[in-house]
Amino acid sequence: MIFSLLFLCLNLSSLFRFSSGRGAAIRSYNQSGYDDKIYGHSGRRLYSDNDFQMSEEDYNARLEKLAQGYMSNSDLEKAMQEVNSRCPNISRIYSIGKSALGVPLLAMEISDSPGKIDAEPSFKFVGNVHGNEPVGRELLLLLANWLCDNYLKDSLATTIVDGVHLHILPSMNPDGYALRRRGNANHIDLNRDFPDQFFPMNDDMDLRQPETKAMLNWMEDIHFTASATLHGGALVANYPWDGTEDKKRDYFGCPDDKTFRFLASLYSRSHYNMSLSKEFPDGITNGAFWYPIYGGMQDWNYIHSGCFELTLEISDDKWPDASELPTIWDYNRMSMLNLVGSVIKTGIHGRVFSSDGKPLPASIAIRGINYTIAAGKKFGEYYRLLAPGEKYEVIASMPGYRLKRACVILGEGAATVDFVLDPDTSSTLNGSSRVLEDAGCYFDSKTSLQVVDFLPATQLEISLLLFVMLGFLCLLMQRRARRNQKQMPAVPRRAAVI
Ligand SMILES: *[C@@H]1O[C@H](CO)[C@@H](O)[C@H](O)[C@H]1NC(C)=O
Ligand SMILES: *[C@@H]1O[C@H](CO)[C@@H](O)[C@H](O)[C@H]1NC(C)=O
Ligand SMILES: [Zn+2]
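Keep in mind it's a predicted model, so treat the numbers as computed, not measured.

## Some thoughts on the nonpolar core
Here is step 1: Core analysis: the biggest nonpolar cluster contains 96 residues, and Phe123, Phe125, Leu143, Leu147, Leu312 and Ile348 have the highest contact counts within it.
Here is step 2: Looking at which domains feed residues into this core, each of domain 1 (19–345) and domain 2 (347–457) supplies at least three.
Here is step 3: Every residue in contact with Phe125, bar those within four places of it in the chain, is listed here: Leu140, Leu143, Leu166, His167, Ile168, Leu169, Ala228, Leu230, Leu312, Met336 and Val340.
Here is step 4: By size, the runner-up hydrophobic cluster in this structure holds 20 residues, among which are Ile96, Leu216, Trp218 and Met219.

Structure representation (structure tokens):
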């Protein structure tokens, strides 16, 4: 009995990384990136608001030099309009709100049906969250131009424009950019201004910055499947969680850790040399392992809007000479395209209908991953990003309907699974008595790529209950086992504020 439990624990242990990562907490509040210290390292200077201790003249000269070759805010607006006038059928410009100084936060949607709500997934790219990290805003305009130029010529460009609503916000912080500072016009770091899962800071909506409010409203308006924010100061793809409950620097994976490591690696491996990093294995990092932050935008996206967001550090130098921009674009182009493409080219997607053909905004869960996404309200469409090469049990549920599940062996490409849910007329409708073991997905080695198998809800409930009980037992045993293990010596990591 014990042995079989242990065996199960081994198999299930990956599911509980989420819980176990939080174990062994020694509370310590003095060791975090929370107070936003600015660190210098590796001989490289990270600019901050208080960075310039020089005469005003030198300071202004330096700002001039920094700006050379970069677009001003009005240049940026013109550049967006240019793309829009060259490719009016696949683009539109709109504003998501205004900055503290009243500058419109302009976004561009690129799609074969811009502005139309349909069953396609939406992806967003956000640049220039930190005013002194302007590479992202330049790359996003290069991306928009590239898609405009290559639609119907390049297959990936065509796949993206035809299959995804790509929303680009080149600058989330135009005031910070104009002032050459990290924070916005009120000196607030926007990437610390979001609600936090552990600390109730920023919970007062009225005290939040206008840029942050605009982002929150935007995410409510549009049902984004995934997104990425472009930063500078390092070369790495960062994924959730960004903070830990005890403020310690520690690996803290979210329920979709595997999915995120897949997405981050997709970016780093498509990049010219991100994955060759000596500092970050494979060019990716868990945010809390690197340095914890609180009130960041990335975790908020995953927790509250069902959107899988990465934080991409795309150049060691926050403000490189503008002559380097074409090279940096070249290094990032395939990564950016592959990441956007991944929302339709990987994972499991489909639509959910009632048996009389009505689209349903059902909940989509994956057994073993404590996270659900909602299917679209109007079309019942869902896009569930997942690491490839794994077996998944997808569960679609909706109040008033009997849940259904599908067993999918996910290859490198995407799998399409549609669900038709029957109204739940009676909870004791059928007394079918298959043994419990049958209720889980059964995969034998010869199973073809995709097995879709629908079972009655009652069996699933029993098996889920059993599963939860087993999981709990495993958790207890793992805890015990861990208590007996010696802690790994902490590797000192460098500090940075990116
Ligand atoms: C990537 O290439 C750039 C430009 O050649 C170089 O400055 C940087 O150090 C390289 N990074 C890695 C991790 O190889
Ligand atoms: C699942 O996640 C929720 C938060 O989204 C949390 O409250 C709950 O405890 C988690 N359940 C397990 C079994 O980890
Ligand atoms: Zn940044």
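## Description of empty space enclosed by the protein
Here is step 1: Going through the model one piece at a time under the given rule, you end up with 2 cavities of 30 Å³ or more.
Here is step 2: Quantified by volume, the largest cavity comes out at close to 100 Å³.
Here is step 3: In terms of lining residues, the largest cavity is bounded by 10 residues, among which Asn238, Asp242, Tyr291, Thr311 and Glu313 are the most central.
Here is step 4: Secondary structure elements with two or more residues in the lining of the largest cavity: α10 (287–290) and β8 (308–315).
Here is step 5: Lining the second largest cavity are 13 residues, with Asp196, Gln197, Gly295, Gly296 and Asp299 positioned closest to its centre.
Here is step 6: Per-class residue counts for the lining of the second largest cavity are 6 nonpolar, 4 polar and 3 charged.

## Thoughts on the coordination of the zinc ion (ligand 3)
Here is step 1: All of the protein donors around the zinc ion (ligand 3) are His130 (ND1), Glu133 (OE), Glu133 (OE) and His231 (ND1); their distances to the metal are 2.0 to 2.6 Å.
Here is step 2: Classification of the site at the zinc ion (ligand 3) as irregular follows from its 4 donor atoms and the range of 54 to 151° in their angles at the metal.
Here is step 3: Ordering the donors of the zinc ion (ligand 3) by residue number gives the pattern H-x2-E-x97-H.
Here is step 4: In this structure His130 comes out as buried when scored by relative accessible area, which is 0%.

## Some points on the site of ligand 1
Here is step 1: Surveying the vicinity of ligand 1 reveals the residues Tyr272, Asn273, Ser277 and Tyr331.
Here is step 2: At 2.2 Å, a side-chain N or O of Asn273 approaches an oxygen atom of ligand 1.
Here is step 3: Protein coverage of the free-state accessible area of ligand 1, which is 360 Å², stands at 47%.
Here is step 4: Split into classes, the residues belonging to the shell around ligand 1 amount to 2 nonpolar, 2 polar and no charged.

## Remarks on the pairing of strand β4 (residues 165–169)
Here is step 1: For β4, a buried count of 5 out of 5 residues is recorded, marking the element as mostly surrounded by other parts of the structure.
Here is step 2: Every second residue of β4 is oriented toward a common face, with His165, His167 and Leu169 on one face and Leu166 and Ile168 on the other, all of them buried.
Here is step 3: Relative to β4, strand β3 (residues 122–127) runs parallel, the two being bridged by 5 bridges. Along β4, the bridge assignment pairs Phe123 with Leu166.

Here is what the cut-offs are and how they apply
Residues numbered from 1 in each chain as written. Chains lettered and ligands numbered in written order. Predicted model: local features only at pLDDT ≥ 70, side-chain atom pairs only at ≥ 80, totals over all residues. Heavy atoms only, no water. Core = buried A, V, L, I, M, F, W, Y, C linked by side-chain atoms within 4.5 Å. Buried < 20%, exposed > 50% of the residue type's maximum accessible area, 1.4 Å probe, protein only. Domains from an automatic or database assignment. Contact = heavy atoms within 4.5 Å. 1 Å grid on protein atoms, 1.4 Å probe; cavity = no way out; pocket = protein on both sides within 12 Å on 5 of 7 lines; lining within 4 Å. Points joined across faces, edges and corners; volume = space filled by probe spheres on them. Helix = DSSP H or I, 4+ residues; strand = E, 2+ residues; numbered from the N terminus. Nonpolar A, V, L, I, M, F, W, Y, C, P; charged D, E, K, R; others polar. Donors = N, O, S within 2.8 Å, 3.2 Å for Na, K, Ca; no water. Tetrahedral: all angles 85-135°; square planar, octahedral: opposite > 155°, others 65-115°. Near = heavy atom within 4 Å. Polar contact = N/O pair within 3.5 Å; in protein donor to acceptor, adjacent residues only side chain to side chain. Areas by Shrake-Rupley, 256 points an atom, 1.4 Å probe, with all protein chains shown as cover. Pairing = 2+ DSSP bridges.

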